[in-house]
Amino acid sequence: MVAIFKRLKKGLSKSRTNITEKITTAIKRSPKLDEVFWEDLEEALISSDVGFEATVEIVDKLRADAKKQRLKESADIQSLLIENISEILSVGKSKILKDDKQIIIVFGVNGTGKTTTIAKLYNLAKSKGKESILAAADTFRAAAIEQLEIWANRLSAKIVKHERGSDPAAVVYDSIKAADARNSDYVIADTAGRLHTQANLMDELKKIKRVATEKAGDYTVKTLLVLDANTGQNALVQTKLFNEALGVDEIALTKMDGTAKGGIVIAIAKEFRIPISFIGIGEGIDDIEEFDPKSFSEALFQT
Ligand SMILES: Nc1nc2c(ncn2[C@@H]2O[C@H](COP(=O)(O)OP(=O)(O)OP(=O)(O)O)[C@@H](O)[C@H]2O)c(=O)[nH]1
Ligand SMILES: [Mg+2]
């Protein structure tokens, strides 16, 4: 647990440095809890992409709690802040890779990290003794099937693939049959990157989900939206539109190692109340963490 926490802290170090520096500066400027301090804190949160609404909620609650507890020093609000944020982040239980027998459809806009995340998820499941089948349902982009195949070879994973240009729903269908025959725990389906504005590609995704649901048998269909943390507030737009079109069960937020604005996690949780189940903190196969609200807020805010 300690080692995992260390890795998380390291993975979040850009955001962590950004936020804790601002908070430390605010504390230095106003050692006593006063209006200036609350304003500086608000500014620190908003500039880390926490979002206006969540920031106001956090600061209002902190002010009330600080008053109740008769806190006088601004340095004393740290544990309240962590608690508060952890509460906002606790929006329902993640089920993906927790329950057995799932068909996990992974989607999102181009380049967010879908294929890499799938490899990481396969590996994570394997480390818990679970077997998965990879479905190469990105039949659209050149070399997408090969990219997943390279991961599959590296991980000795079973992969189901068709020709490029074929119907991705048929790939998922065959993957479910294969999973059934082998009694696999999970099917993890890669799909082509698409913009939420491309109606025909969104329809294709709906078809994949429909076919998966029809053929699921003992399996449960889960949708996992992959968002790139570096896209900032645009991640909110993506979540809204994919959710309206398709229903997003859970979210994986990638490239948290590359952004100083990890507060976006809080904005997403606040606005959509969709569980963020995984965060990506690097390009390597182990650079994924199962999201835990408390560890996350500690890793981000503990000075
Ligand atoms: N630093 C960092 N890089 C990541 C992370 N996740 C993915 N990447 C990188 O992001 C790039 C795109 O990753 P892919 O997995 O190919 O993304 P994709 O969404 O499948 O892309 P398309 O299939 O083209 O839509 C690769 O260079 C990955 O190594 C992460 O958590 N951190
Ligand atoms: Mg891909």
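Heads up: the structure comes first, above all this text.
Participant: Would you mind going over the nonpolar core with me for this structure?
Facilitator: When a protein is soluble and globular, its nonpolar side chains tend to lie buried together. Counting residues in hydrophobic clusters, the biggest one holds 87 residues, and the most contacted among them are I104, I105, L134, A135, V187, I188 and A189. With residues up to four places along the chain from it excluded, the contact list for I188 reads I104, V106, I118, L121, Y122, S132, L134 and A135.

Participant: Would you mind showing me how to read the pairing of strand 6 (residues 250-254) here?
Facilitator: Counting buried residues in strand 6 gives five out of five residues, a clear majority hidden from the surface. In strand 6, alternate side chains face the same way, and those of E250, A252 and T254 on one face and I251 and L253 on the other are all buried. Each parallel crossover has a hand, and for strand 5 (residues 220-228) linked through helix 10 (residues 234-246) to strand 6 it is right-handed. Two strands pair when backbone bridges link them, and strand 6 and strand 7 (residues 276-280) are joined in this way by three bridges, in the parallel orientation. Following the sheet pairing, L253 is matched in strand 7 by I279. Remark: the strand 6/helix 11 (residues 264-272)/strand 7 crossover connection has right-handed handedness.

Participant: Got a minute to help me understand unusual backbone geometry in this structure?
Facilitator: Excluding glycine, most residues fall at negative phi; most peptide bonds, likewise, are trans. With a phi close to 70°, D49 is a non-glycine residue in the positive phi region. Since 25 C-beta atoms lie within 10 Å of it, D49 is described here as buried. For K255, which is not glycine, the phi dihedral falls at a positive 60°. Locating K255 in the fold gives a position in the loop between strand 6 and helix 11. For K255, a count of 21 C-beta atoms within 10 Å puts it in the buried group.

Participant: How should the environment of S297 be read in this particular structure?
Facilitator: With respect to the element layout, S297 can be found in helix 12 (residues 293-301). For S297, a count of 21 C-beta atoms within 10 Å corresponds to the buried category. For the pair S297 and T213, spaced 84 residues apart in the sequence, the C-alpha separation amounts to 36 Å. Apart from residues lying up to four places away in sequence, S297 is in contact with I82, I85, S86 and L89.

Parameters at a glance
Residues numbered from 1 in each chain as written. Chains lettered and ligands numbered in written order. Predicted model: local features only at pLDDT ≥ 70, side-chain atom pairs only at ≥ 80, totals over all residues. Core = buried A, V, L, I, M, F, W, Y, C linked by C-beta atoms within 7 Å. Buried ≥ 20, exposed ≤ 12 C-beta atoms within 10 Å, placed from the backbone. Contact = placed C-beta atoms within 7 Å. Helix = DSSP H or I, 4+ residues; strand = E, 2+ residues; numbered from the N terminus. Right-handed = clockwise from strand over helix to strand, strands pointing away. Pairing = 2+ DSSP bridges.

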